[in-house]
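Structure at a glance
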Amino acid sequence: MQIQLAVASTSELVVIPGKLAEMKVGSSRIAYVYLDVPNHIELQSLRTPATKRGTGSARAAMVEFLKQTDKAGLDVKLLASPLDRKTRIDKLVAFYASFGFEVTGRGNMAGEPNMLRKHR
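Residues numbered from 1 in each chain as written. Predicted model: local features only at pLDDT ≥ 70, side-chain atom pairs only at ≥ 80, totals over all residues. Heavy atoms only, no water.

**Considerations on the overall build of the protein chain**
On a plain count of helices and strands, the protein chain comes out with two helices and seven strands. Secondary structure elements of the protein chain, listed N to C terminal, follow the sequence β-β-β-β-α-β-α-β-β. Principal-axis analysis of the C-alpha atoms places the extent of the protein chain at approximately 35 × 30 × 30 Å. Contacts in the protein chain between residues at least 24 apart in sequence constitute 43% of all its contacts with a sequence separation of at least 6. Entry remark: accessible area of the protein chain is about 7200 Å², with carbon and sulfur atoms responsible for 53%. A gap of 6 Å separates the mean positions of the 18 positive and 11 negative side-chain charges of the protein chain. (Helix = DSSP H or I, 4+ residues; strand = E, 2+ residues; numbered from the N terminus. Contact = heavy atoms within 4.5 Å. Areas by Shrake-Rupley, 256 points an atom, 1.4 Å probe, with all protein chains shown as cover. Lys, Arg positive; Asp, Glu negative; His and termini not counted. Charge placed at Lys NZ, Arg CZ, Asp CG, Glu CD.)

**Section: the packing of aromatic side chains**
Ring pairs (aromatic) are described by centroid distance and by the angle formed between their planes. Per the stated rule, a full pass over the model turns up four aromatic pairs. Residues F95 and Y96 carry aromatic rings whose centres are separated by 5.3 Å and whose planes lie at 70° to one another, so their mutual orientation is edge-to-face. Both residues of the pair, F95 and Y96, belong to the buried class. Relative to F99, the ring of F95 has its centre 5.1 Å away and its plane inclined at 75°; by these criteria the two rings are edge-to-face. By relative accessible area, F95 is classed as buried at 18%. Of the aromatic side chains, those joined through ring pairs into one cluster are F95, Y96, F99 and F101. (Phe/Tyr/Trp six-rings, centres within 6.5 Å; stacked < 30°, edge-to-face > 60°. Buried < 20%, exposed > 50% of the residue type's maximum accessible area, 1.4 Å probe, protein only.)

This is the structure in structure tokens:
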């Protein structure tokens, strides 16, 4: 499957197989890919500008994203991998766990965990 970049960001879930899409909620952006087998979304990144961190922007973006994936009946998987040196892996895993994600194994040479959240 070839992954293509979505043309624009949106606040609505885009479910085109293999298309890298982006959802913008407040100051945060979530990049993800819809994979129709086994019918899940793979969260690629959650980014919040440094000046907006600690304001709840990332949490609000995840709440909206998961509301939409639940409505679509999609599970969400991700690799909990910090995007900068300021983000601690233990805090990142705890952040995702607070939304119901569970560690399913190790996803790379650094031992960063794969996580999965079943739709509700």
